[in-house]
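Below, each chain spelled out in residue letters.
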Amino acid sequence: QVQLVESGGGLVQPGGSLRLSCAASGSFFSINTMYWYRQAPGKQRDLVASISSGGSTNYADSVKGRFTISRDNAKNTVYLQMNSLKPEDTAVYYCNAEIRPHLGFGYIAYWGQGTQVTVSS
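Presented here is an overview of the structure given in this document.

The rules we used
Residues numbered from 1 in each chain as written. Predicted model: local features only at pLDDT ≥ 70, side-chain atom pairs only at ≥ 80, totals over all residues. Heavy atoms only, no water. Disulfide = S-S within 2.5 Å. Helix = DSSP H or I, 4+ residues; strand = E, 2+ residues; numbered from the N terminus. 1 Å grid on protein atoms, 1.4 Å probe; cavity = no way out; pocket = protein on both sides within 12 Å on 5 of 7 lines; lining within 4 Å. Points joined across faces, edges and corners; volume = space filled by probe spheres on them. Nonpolar A, V, L, I, M, F, W, Y, C, P; charged D, E, K, R; others polar. Contact = heavy atoms within 4.5 Å. Polar contact = N/O pair within 3.5 Å; in protein donor to acceptor, adjacent residues only side chain to side chain.

As for the state of the cysteines
On inspection of all chains with the given rule, the structure shows one disulfide. In this model Cys-22 forms its disulfide with Cys-95; the gap between the sulfur atoms is 1.9 Å. What sets the handedness of the Cys-22 and Cys-95 disulfide is the S-S torsion sign, and at about 40° it is right-handed. Of this pair, Cys-22 sits in strand S3 (residues 18-25) while Cys-95 sits in strand S9 (residues 91-100), and the two are 73 residues apart along the sequence.

What follows is the structure, given as structure tokens:
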């Protein structure tokens, strides 16, 4: 069974940094694009960043220049380096990955359980 397990959230002061990790485990054939989303209380879940299997990246305007998404294909892991954090970055951060379970199957979207990031003094 495929699982995405996130780590790295926590409490940080404004201007600080955090690095989130999300590792895919279980049996599967391949991973396509990987994503980070976030959801603040009372708000919808928004896309933060994405990275293709070839390393092409995209970012939400609100995080450009502050966040960096990367991946290690050998470890089936995606990272989100968050710098210059602001209180408005406070949210639960979720990873999402398009995973092909077997050769000949299509890609299925899997979600992690979420990790809380709180930016406060």
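Section: the layout of surface pockets
Estimated volume of the largest pocket: approximately 160 Å³. Lining the largest pocket are 13 residues, and of these Arg-38, Ala-40, Lys-43, Asp-46 and Glu-88 sit closest to its centre. Secondary structure elements with two or more residues in the lining of the largest pocket: strand S4 (30-39) and strand S5 (46-51). Ranked by residue count, the leading element in the lining of the largest pocket is S5, at three residues. Its residues placed into classes, the lining of the largest pocket shows five nonpolar, four polar and four charged.

Side note on the environment of Tyr-59
Examined against the element boundaries, Tyr-59 turns out to sit in strand S6 (residues 57-59). Along the primary structure Tyr-59 and Leu-47 are separated by 12 residues, whereas in three dimensions their C-alpha atoms are 8.1 Å apart. The contact partners of Tyr-59, leaving out residues within four places of it in the chain, are Val-48, Ala-49, Lys-64, Phe-67, Thr-68 and Ile-69. Here Ile-69 takes part through its backbone nitrogen, which lies 2.9 Å from a polar atom of the side chain of Tyr-59.

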